[in-house]
Structure formats: structure tokens, C-alpha cells
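# Notes for the structure review
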Amino acid sequence: MAVSVNPRIPRQSMARLLKGSLTDRILLLISLAGIAAAWFAVQAVVASGPAVAEIYHGKTLLATYPLPKAGETPKSFQIDGELGPSEILLNEDGVRITSSPCSAQRCVYSGAHRHAGDMIACVPNRILITIRGSAKRRFDAIVE
Amino acid sequence: MGPVILRPPLAELQQKANWLALLLLAIGLHVFEAALPSLGPWFKPGLANLVTLLALLWLGPRAAVLLSIGRVVIGSFFIGTLFTPTFVISMAGGLTAAVVMIAAWRFIPGISLIGVSLLGAIAHMVAQFVTVETLFIQQGVLYFALPPLLLLSTTTGWLNGALAGYIAARLEFPNE
């Protein structure tokens, strides 16, 4: 018969368990307050100025490109990372990695990004792309 | 008469068998989580970490740390990421989470498994970012991606803690 004899782990229903102890709730509150403060601080830094994509390799900032608006010509180029060249495409959808020498290809599958604070990180190839500034929406409104 | 073979005490064998069972479960969950559709870069539900928490309660801090190391090494072998950056990031996250959970369970009064799991999940995510920033992409802007991911971590940490509490209350504790 499997019975708990540890007084710190009482046998409770899942609904009761999910509520947590008072200490747990205080820890949750502190964590959420910290996350919210960090979120607003990050948004204040990244959302200012025109929308640009910054491309890094390791410690080096390789390039900063403005994000093309609707109707502007897309740009495509290669940058050299740790494993080899990564292909980058900038168009009205934002910035995306279209090919990468890494095995997981998570950076490629993550698709296009254009919102302030978005980033694409290819850790094996040590490439990081971040978006700063507010990108104007391609549509002023979407009406059904 | 042949030589007498001394057997280890039954309780010790039982502890080892329990540890091995948890290790196999953690490896299975590690591989399962790698096969799940990605919920975002570097984000997983943390089910394998839940097993580290169970090992901490059931078998003690040393067993939890060893399980965390064993799970990442053997799990990475199965999913083909052994000694890649992914392996280094998983190891850093798993070990930091184990150490933080041990400290929280031992030193924070009134904490339940939910709080322990919550702190473990947050430590796991932060350790991953620090590792990437230190070893692979040395850019502080990387931390800008942390707040939304930490929000997901608090959610999964809370849920996994409740799940761990449910399971742990139904385990047999032979030494207590």
C-alpha cells in the first residue's frame, strides 16, 4: 500500500493542490511583478525609433537594415556564421532566415518577424537578428 | 563451498532501482518533449524537470542532481544533440533548476512543491539565456526575449508543481 508519510506532502485533490500555499502565492506575485516590470522596460527600449533589423554574429553587430514597407523591393543576402553562410530575406512581411547550415533549422521554421522586440536566434551558427523600432502596419484596419 | 557473496542491503537496492526507474522516465520525457511541436524557441513544458523534483523528494538532493545530469546526457544521445550547443544549454538549465529547487525546498519555510517547481522553471529559463549569452551569442539584447518566456515558465512551473504534489503524495517513502 503506497501511502505518503512525509508531512510536507499532504494528499490533496488536484483542485486544492493547484491553489498552492501562501508562500507559493507570494513567490508567484513577486515573479509576475518582476516579469511585468522587465516587459515594460524592454518595450520602452525596443519600440522607439523607426523599424530596423539588427543582425549580429557572436559579439559583432554585422548590419542594421530598415524593414521594407509594402511595395518596396525585398532584400536578400548572406551572412557568415560559425558553421557557414545563413541566407536572410527582408521584405514587407519582416525579416526571416531562409536557409541556415544548422541541423535543427529552428531559425528557418520560425518564419518572418517584424514587431519590436522580436528576435531570431540561431545558436549553432551564432547568428542573432533582432527588431527594434515600431513597424507601421501594412494595413490601417482589417474589416470583415 | 564457494566464496560468500555479500549482498547490499535490500533498502539500498530498492533506492537504486527507484532512481533508475525515475532516470528512465526522465529520459523518456526528455525525448518526448524534443519530439513535441515547438511552443517557441527554447521553450518546453518542463515535464523532465518534474522528474528531477520527484527524485529530490523521494531520494534526496544528490539523487536529483545526478538524475538531472544523467537525463540530459542520455536524452541528448537519443535525440542527436550530444555535445552540441543544445546539449550545453539543456545541461546548464537542468542543473541550475535542480540546485535552485533543492535550496528552495530546504530553506524557504511554508513553500509547497508548486513554489519549488515555479522557482525551478524560472531558474531553468534564466540559466539557458545566461549560457547562450556567455558562450554563443554575446549580445545583451538577447535578454529582451526573456520576459514573455518567463511568463510561460511561471505557468508551466505552477502546473508541474501541482502534478508533482499529486504524484509525490502517492509514493512510498521507505526511510521516513
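These numbers were taken from a predicted model, which means no experiment stands behind them. (Residues numbered from 1 in each chain as written. Chains lettered and ligands numbered in written order. Predicted model: local features only at pLDDT ≥ 70, side-chain atom pairs only at ≥ 80, totals over all residues.)

A count of helices and strands for chain B gives 6 helices and 0 strands. In chain B, the succession of α and β elements from N to C terminus is α-α-α-α-α-α. The C-alpha radius of gyration of chain B comes to 18 Å, within 12% of the 16 Å expected for a compact globule of 176 residues. Dimensions of chain B, computed from the C-alpha atoms along their principal axes, are close to 70 × 40 × 25 Å. Expressed as a percentage of the 176 residues in chain B, the buried residues total 45%. The contacts of chain B with a sequence gap of at least 6 include a subset with a gap of at least 24, amounting to 73%. (Helix = DSSP H or I, 4+ residues; strand = E, 2+ residues; numbered from the N terminus. Rg over C-alpha atoms; globule rule 2.2 N^0.38 Å. Buried ≥ 20, exposed ≤ 12 C-beta atoms within 10 Å, placed from the backbone. Contact = placed C-beta atoms within 7 Å.)

The subject of this paragraph is the overall build of chain A. From N to C terminus, chain A includes 3 helices and 7 strands. Walking chain A from its N terminus toward its C terminus, one meets helices and strands in the order α-α-β-β-β-β-β-α-β-β. The buried share of chain A, taken over its 144 residues, is 31%. The contacts in chain A between residues at least 6 apart in sequence include a share of 39% that link residues at least 24 apart.

A few words on the domain arrangement of chain A. Segmenting chain A into domains produces domain 1 (14-46) and domain 2 (52-132). Between the C-alpha centres of domain 1 of chain A and domain 2 of chain A the distance comes to 32 Å. (Domains from an automatic or database assignment.)

In this section: the nonpolar core. Judged by nonpolar contacts, the single largest core of 73 residues is most densely connected at B:Val51, B:Leu53, B:Leu54, B:Ala55, B:Leu67 and B:Met101. Residue contributions to this core reach at least three from each of two domains, namely domain 1 (14-46) and domain 2 (52-132) of chain A. Excluding residues that lie within four positions of it along the chain, B:Ala55 makes contacts with B:Trp19, B:Leu22, B:Ala63, B:Ala64 and B:Leu67. (Core = buried A, V, L, I, M, F, W, Y, C linked by C-beta atoms within 7 Å.)

Moving on, we come to helix H2 (residues 47-59) of chain B. Residue and element names in this part refer to chain B. The terminal C-alpha atoms of H2, which comprises 13 residues, lie 18 Å apart, in line with the 18 Å expected from a rise of 1.5 Å per residue. Counted residue by residue, H2 has 11 buried out of 13 residues, so it is predominantly covered. Considered for burial, the residues of H2 that qualify are Ala48, Asn49, Leu50, Val51, Thr52, Leu53, Leu54, Ala55, Leu56, Leu57 and Trp58. Packed against the buried residues of H2 are helix H1 (10-35), helix H3 (61-79), helix H4 (85-107), helix H5 (113-136) and helix H6 (146-168). (Expected span 1.5 Å × (residues − 1).)

Attention now moves to the environment of B:Ser68. Residue and element names in this part refer to chain B. Positionally, serine 68 belongs in helix H3. By the C-beta count within 10 Å, which is 28 here, serine 68 ends up buried. When the C-alpha atoms of serine 68 and leucine 53 are compared, they prove to be 9.7 Å apart, with 15 residues separating the residues in sequence. Beyond its immediate sequence surroundings of up to four residues, serine 68 is in contact with Thr52, Gly94, Leu95 and Ala98.

Opposite the 39 residues of chain A that make contact, chain B presents 40 residues. Residue assignment for the side of chain A that touches chain B shows that the elements contributing at least two residues are helix H1 (14-19), helix H2 (22-46), strand E6 (119-122) and strand E7 (127-132) of chain A. The biggest single contributor to the side of chain A that touches chain B is H2(A), with 12 residues. Tallied by class, the residues present in the side of chain A that touches chain B amount to 23 nonpolar, 11 polar and 5 charged. (Nonpolar A, V, L, I, M, F, W, Y, C, P; charged D, E, K, R; others polar.)

This part takes up the confidence of the model for chain A. Residue and element names in this part refer to chain A. When pLDDT is averaged along chain A, the result is 86, and 90% of the positions lie at 70 or above. By mean pLDDT, helix H3 (residues 106-109) is the weakest element of chain A at 89, and H2 is the strongest at 95. With pLDDT under 50 throughout, residues 137-144 is counted as low confidence; its partners more than four residues away or in other chains account for 2 contacts. (pLDDT = per-residue confidence, 0-100.)

A few words on the packing of H5(B) against H6(B). For any two helices packed against each other, the geometry is given by the interaxial angle and the distance between the axes. All names here are of chain B. Look at H5 against H6: their axes get within 7 Å of each other, and the N-to-C directions meet at 145°. H6 is crossed by H5, and the crossing has right-handed handedness. Partitioned by chemical class, the residues of the contact of H5 with H6 number 15 nonpolar, 10 polar and no charged. (Axes fitted to C-alpha atoms, helices over the stretch in contact; angles between N-to-C directions. Left-handed = near helix turned anticlockwise from the far one by under 90°.)

Another aspect to go through is the sheet that holds strand E5 (residues 94-99) of chain A. All names here are of chain A. If you trace the 3 strands from one edge of the open sheet to the other, you get E3-E4-E5, paired in antiparallel fashion. Two strands bound the open sheet, and with one partner strand each, they are strand E3 (75-80) and E5. Taking each pair of neighbouring strands and ignoring which way they run, the sheet shows an average axis angle of 30°. Pairing of strand E4 (residues 85-91) with E5, which is carried by 5 bridges, proceeds in the antiparallel orientation. In the strand pairing of E5, leucine 90 is matched with valine 95. (Pairing = 2+ DSSP bridges.)

Turning our eyes to something else, we now look at the sheet that holds strand E2 (residues 60-66) of chain A. Residue and element names in this part refer to chain A. As summarised here, the arrangement of the 4 strands in space is E2-E1-E7-E6, forming an open sheet in which the pairing is antiparallel. The open sheet has two free edges, formed respectively by E2 and E6, since each of these has just one partner strand. Pairwise comparison of adjacent strand axes, ignoring direction, gives a mean angle of 15° for this sheet. In this sheet, E7 lies alongside E6 in antiparallel orientation, the contact comprising 4 bridges.

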